[in-house]
Amino acid sequence: MNITMLYSKLHRAAVTDANLNYVGSITIDRELMDAAKLRVGQKVDIVNINNGERFSTYVIEGERGKRDICLNGAAARKAEIGDKIIIIAYASMDFEEAEQFKPYVVLLDDKNDIEEIRDYV
């Protein structure tokens, strides 16, 4: 039997753009993706700290170093530029693996620079 566990998250990312006329997803700076061990096309949940919205989408790679966090398509209606969000990824694990696994938690500042990377919640 497997259970779904927190895999990684980008905590308090600032939305830098919202593009309603795109096919959908969230664009994330490649450096931030690497820090949180996220992959292109991976399903993520988005939690908007400012308005309480919660939704799922998938990751698109953004340009490394630009610190972009852009909500695309319908997701663009769920946040405004400047809103703080949490980007959460999960993984399915068996109980033994879940006991040993430590999630990747990336804390961001107001400019989406990495403040700290934790391998625990």
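To start, this report covers the structure provided alongside it. (Residues numbered from 1 in each chain as written. Predicted model: local features only at pLDDT ≥ 70, side-chain atom pairs only at ≥ 80, totals over all residues. Heavy atoms only, no water.)

Assigned secondary structure in the protein chain consists of two helices and nine strands. When the helices and strands of the protein chain are listed from N to C terminus, the series reads β-β-β-α-β-β-β-β-α-β-β. Against the compact-globule benchmark of 14 Å for 121 residues, the protein chain has a radius of gyration of 14 Å, which places it among compact chains. Relative to its full complement of 121 residues, the protein chain shows a buried share of 44%. At a minimum sequence separation of 6, the contacts of the protein chain that also span at least 24 residues come to 77%. Of the accessible surface of the protein chain, which amounts to about 6800 Å², a share of 46% is contributed by carbon and sulfur atoms. Averaging the positions of the 16 positive and the 21 negative side-chain charges in the protein chain gives two centres separated by 2 Å. (Helix = DSSP H or I, 4+ residues; strand = E, 2+ residues; numbered from the N terminus. Rg over C-alpha atoms; globule rule 2.2 N^0.38 Å. Buried < 20%, exposed > 50% of the residue type's maximum accessible area, 1.4 Å probe, protein only. Contact = heavy atoms within 4.5 Å. Areas by Shrake-Rupley, 256 points an atom, 1.4 Å probe, with all protein chains shown as cover. Lys, Arg positive; Asp, Glu negative; His and termini not counted. Charge placed at Lys NZ, Arg CZ, Asp CG, Glu CD.)

Further remarks concern unusual backbone geometry. Phi is positive for K37, which is not a glycine, with a value near 60 degrees. Of note, K37 is situated in the loop between α1 (30-35) and β4 (43-48). Taking relative accessible area as the criterion, K37 reaches 38% and is therefore assigned partly exposed. The phi dihedral of R67 falls on the positive side, at around 65 degrees, and the residue is not glycine.

Next up on the list: the sheet that holds strand β8 (residues 104-108). The pairing of strands in a sheet comes from backbone hydrogen bonds and takes either a parallel or an antiparallel form. Pairing is mixed across the open sheet formed by nine strands, whose spatial order is β2-β6-β3-β5-β4-β7-β1-β8-β9. Edge positions in the sheet fall to β2 (17-19) and β9 (114-118), since each of these pairs with one other strand and no more. Adjacent strand axes in the sheet meet at a mean angle of 30 degrees, parallel and antiparallel pairs treated alike. Looking at chain direction, β4 and strand β5 (residues 54-62) are connected through five bridges and run antiparallel. Residue pairing for β5: I46 is matched across the bridge by F55. (Pairing = 2+ DSSP bridges. Axes fitted to C-alpha atoms, helices over the stretch in contact; angles between N-to-C directions.)

By secondary structure assignment, the location of A75 is in the loop between β6 (69-72) and β7 (84-94). Distance from A75 to A18, taken between C-alpha atoms, is 8.0 Å for residues 57 residues apart in sequence. Once residues lying within four places of it in the same chain are set aside, the contact partners of A75 are S25 and F55.

A few words on the nonpolar core. Judged by nonpolar contacts, the single largest core of 23 residues is most densely connected at L10, I26, I28 and I87. If near-sequence neighbours (up to four positions away) are discounted, I26 is found in contact with V44, I46, T57, Y58, V59, I60, I69, C70, L71, N72, I85 and I87. (Core = buried A, V, L, I, M, F, W, Y, C linked by side-chain atoms within 4.5 Å.)

For the rest of this paragraph, the subject is the pairing of strand β3 (residues 25-29). Across a regular strand the side chains alternate sides, sitting on one face of the sheet and then on the other. Counting buried positions along β3 gives five out of five residues, so the element sits mostly inside the fold. Along β3, one buried face is formed by S25, T27 and D29 and the opposite face, lined by I26 and I28, is buried too. Direction of pairing for β3 relative to β6: antiparallel, over a ladder of four bridges. In the sheet register, T27 faces β6, and the bridge partner there is C70. The sheet contact formed by β3 and β5 spans four bridges and is parallel. Bridging across to β5, T27 finds its partner in I60.

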